[in-house]
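# A look at the structure
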Amino acid sequence: MAMSLCPLLLVFVLGLGLTPPSLAQDDSRYRQFLTKHYDANPRGRNDRYCESMMVRRHLTTPCKDTNTFIHGSKSSIKAICGNKNGNPYGETLRISKTRFQVTTCKHAGGSPWPPCRYRATPGFRSIVIACENGLPVHFDESFFRP
């Protein structure tokens, strides 16, 4: 029995060694992007929404100055990284061809440490992201065109 497991274990270990580290890293950066910026079905888009989402997503130690949540499907956001829903923007970014429902949360000032107070700005606009290997990994907060 132990001898029959050896070839399987060898194949598994070799498979791990052949998986490019960058692929695992890209997936990690994509998951981090989703944690920071994705909320498919928001419940309210007011100040209370921002305050609870920023805490829930661990963006308040210290208080993050600005964060935008994208309300759309993962597939439509991923499509910005290709020609289906995105165009080149600058040297390394992509701009969406379609507009997305978004909520931008801005720190209302005061202490940079919790409890953090945020102001919500709901909107419907194009978004700009950076992509790696076909996956969104960064949201460009500096772009704002209603």
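Residues numbered from 1 in each chain as written. Predicted model: local features only at pLDDT ≥ 70, side-chain atom pairs only at ≥ 80, totals over all residues. Heavy atoms only, no water.

Looking at an unreviewed UniProt entry, one finds the protein named Angiogenin and attributed to Equus asinus. For the protein, the Sequence similarities (unreviewed entry) comment in UniProt is given as "Belongs to the pancreatic ribonuclease family." (UniProt positions renumbered as here; feature names shortened; annotations may be inferred.)

Attention shifts here to the packing of aromatic side chains. In total, this model carries 1 aromatic pair according to the counting rule given. Ring centres 5.9 Å apart and planes at 80° place the aromatic pair tyrosine 49 and phenylalanine 69 in the edge-to-face group. You can see tyrosine 49 sitting in helix H3 (residues 47-56) and its partner phenylalanine 69 sitting in strand E1 (residues 66-71), a full 20 residues away along the chain. Each of the two residues, tyrosine 49 as well as phenylalanine 69, counts as buried. (Phe/Tyr/Trp six-rings, centres within 6.5 Å; stacked < 30°, edge-to-face > 60°. Helix = DSSP H or I, 4+ residues; strand = E, 2+ residues; numbered from the N terminus. Buried < 20%, exposed > 50% of the residue type's maximum accessible area, 1.4 Å probe, protein only.)

This part takes up the environment of arginine 125. The topology assignment puts arginine 125 in strand E5 (residues 118-125). The buried category is assigned to arginine 125, whose relative accessible area is 3%. Distance from arginine 125 to phenylalanine 100, taken between C-alpha atoms, is 5.3 Å for residues 25 residues apart in sequence.

This part is about the environment of isoleucine 80. By the secondary structure assignment, isoleucine 80 is in the loop between helix H4 (74-78) and strand E2 (86-89). If near-sequence neighbours (up to four positions away) are discounted, isoleucine 80 is found in contact with Asn85, Gly86, Arg94, Ile95, Ser96, Phe100, Ile127 and Ile129. (Contact = heavy atoms within 4.5 Å.)

Further remarks concern the sheet that holds strand E3 (residues 93-96). Within the open sheet, the 4 strands sit side by side as E2-E3-E6-E7. Their pairing is antiparallel. Among the strands making up the open sheet, the edge pair consists of E2 and strand E7 (135-139). Strand-to-strand twist across the sheet, computed as the mean angle between neighbouring axes with direction ignored, equals 45°. (Pairing = 2+ DSSP bridges. Axes fitted to C-alpha atoms, helices over the stretch in contact; angles between N-to-C directions.)

All right, on to H3 then. For H3, the full list of buried residues reads Tyr49, Cys50, Met53 and Met54. The buried residues of H3 occupy an angular sector of 120° when projected down its axis, which confines them to one face. Of the exposed residues in H3, the ones pointing more than 90 degrees away from its buried face are Arg48, Val55 and Arg56. Where the residues of H3 are buried, they touch E1, strand E4 (100-107) and E5. Remark: histidine 58 follows H3 within two positions and exhibits a positive phi of approximately 60°. (Arc of directions from axis to C-beta.)

Right, let's talk about the pairing of strand E6 (residues 128-132) for a bit. Pairing geometry for E3 and E6, over 3 bridges, is antiparallel. Its bridge partner being in E6, isoleucine 95 is matched across the sheet by valine 128. As consecutive antiparallel partners, E6 and E7 are separated by 2 residues, and within that stretch asparagine 133 has a phi angle of approximately 50°, a positive value.

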